[in-house]
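# Tertiary structure, described
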Amino acid sequence: MNFIKILDILSDDKLLKEKSSRRDSFQQFKNVGKNVALASIPFALAATSSKTKAATLAMGFGNKMASNEDVLKFALTLEYLEREFYQLGLDSGVIPAADETVFSTISRHEDAHVDFLLAALGLQDGDLKPEFDFTGAPGGLNLDPFNDYPTFMALAQGFEDTGVRAYKGQAGALANDNDLLTYALQIHSVEARHASQVRRMRGEKGWITRSNNSLPSAFAPIYGGSTPESNLIQGGVNLSGLFGSVGGDDAVTEAFDEPLTMNEVLAIGGIFIVS
């Protein structure tokens, strides 16, 4: 099953086109999940396994757990940023025709994520939306992503890689709400597919090795943080040197997405937030 087909299955028309209540949005997403059984099984297990929930809850306490509402508002900021970025990119003409289908699909998913989060929070489109500047001027940069395709692609990778780590970082805060946790982990899955596709389009592996990246130095925090992507300790076990015959320490870091804290993500996003 190719990338576009997987992501189109994850983008249910009702979820994309209808403004729904929080309860309806949960039900729609559950129905979509039935159509992507293999893709969703790990995340469904993550939401229902008592052992996994306990570990997720512990991770949340370790990160000074935020309230569900705080996490949803935090996620909404990220999704607003991604939605506007892809909308502007598609409108600008910077994306080559051969790549438009991919970014149109990704853009629809960001629309759906924003709609769901607004419904969950009981808000209207535009509520709590920051003003964005994709030149990076708020962070002291001078980028031109809507006239320079390599820059657009670099930012797309940065935003998607940040999204993957951001959702993992806040999963613990949602561990006591099965519906929200399930949805957040499934967004995490979609963001990971976005990230993998964009990385491959840029000529990189579809996953992160250690904290290596080809983005401008200002984006190094995307791969760093208090638990960097180069982390080799999982579940309290140091895995360094244990897998020499199957990729070694590089493979260990490639096998796990590491979390970013809310403050770490907001610092990254702040490069593009005017107010």
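Scroll up for the structure.
To keep things clear, this report deals only with the structure shown in the data block. No experiment lies behind these values; they were computed from the predicted model shown. (Residues numbered from 1 in each chain as written. Predicted model: local features only at pLDDT ≥ 70, side-chain atom pairs only at ≥ 80, totals over all residues. Heavy atoms only, no water.)

Right, let's talk about the packing of helix α8 (residues 149–170) against helix α9 (residues 178–201) for a bit. At a closest axis distance of 8 Å, the pairing of α8 and α9 adopts a crossing angle of 150°. Judged on the interaxial angle alone, α9 and α8 are roughly antiparallel. For the pair α8 and α9, the crossing hand works out as left-handed. Residue-level contacts link Tyr 149, Met 153, Ala 156, Gln 157, Glu 160, Asp 161, Val 164, Tyr 167 and Lys 168 of α8 to Ala 184, Ile 187, His 188, Glu 191, Ala 192, His 194, Ala 195, Val 198, Arg 199 and Met 201 of α9. Here the contact of α8 with α9 is composed, by residue class, of eleven nonpolar, three polar and five charged. (Axes fitted to C-alpha atoms, helices over the stretch in contact; angles between N-to-C directions. Helix = DSSP H or I, 4+ residues; strand = E, 2+ residues; numbered from the N terminus. Parallel < 35°, antiparallel > 145°, perpendicular 65-115°, else oblique. Left-handed = near helix turned anticlockwise from the far one by under 90°. Contact = heavy atoms within 4.5 Å. Nonpolar A, V, L, I, M, F, W, Y, C, P; charged D, E, K, R; others polar.)

This paragraph deals with the pattern of salt bridges. Tallied over the full model, the rule gives nine salt bridges. Between Lys 73 and Glu 69 there is a salt bridge, with the nearest N and O atoms lying 2.9 Å from each other. A residue pair is termed a helical-turn pair when its members lie 3 or 4 positions apart in one helix, as Lys 73 and Glu 69 do in helix α6 (residues 68–92) at four residues. Judged by relative accessible area, which is 34%, Lys 73 ranks as partly exposed. Take Glu 69: its relative accessible area is 44%, and that puts it in the partly exposed class. In this structure, the salt-bridge partner of Asp 125 is Arg 83, at a minimum N-O distance of 3.0 Å. (Salt bridge = Lys/Arg side-chain N within 4 Å of Asp/Glu carboxyl O. Buried < 20%, exposed > 50% of the residue type's maximum accessible area, 1.4 Å probe, protein only.)

What follows concerns the nonpolar core. Membership of the largest hydrophobic core comes to 56 residues, with the highest contact counts inside it found for Phe 85, Phe 103, Phe 134, Phe 152, Phe 219 and Phe 272. For this core, the secondary structure elements donating two or more residues are α6, α7 (97–121), α8, α9 and α11 (262–269). Ranked by residues supplied to this core, first place goes to α6 with ten residues. In contact with Phe 85, not counting residues within four places along its chain, are Phe 134, Pro 145, Phe 146, Phe 152, Leu 155, Ala 156 and Phe 159. (Core = buried A, V, L, I, M, F, W, Y, C linked by side-chain atoms within 4.5 Å.)

The next thing to look at is the environment of Leu 215. Tracing the backbone shows Leu 215 in the loop between α9 and β1 (233–234). Sequence separation between Leu 215 and Ala 154 is 61 residues, and the spatial gap between their C-alpha atoms is 6.1 Å. Discounting chain neighbours no more than four positions away, the residues touching Leu 215 are Ala 154, Gln 157, Gly 158, Arg 202, Ile 222 and Tyr 223.

This brings us to the side chain of Glu 82. With respect to the helices, strands and loops of the structure, Glu 82 is situated in helix α6. The side chain of Glu 82 is buried and forms no salt bridge, while Arg 83, the nearest opposite charge, is found at 10 Å. In this structure Glu 82 touches Glu 110, Phe 159, Glu 160 and Glu 191, once residues within four positions along its chain are discounted. (Lys, Arg positive; Asp, Glu negative; His and termini not counted.)

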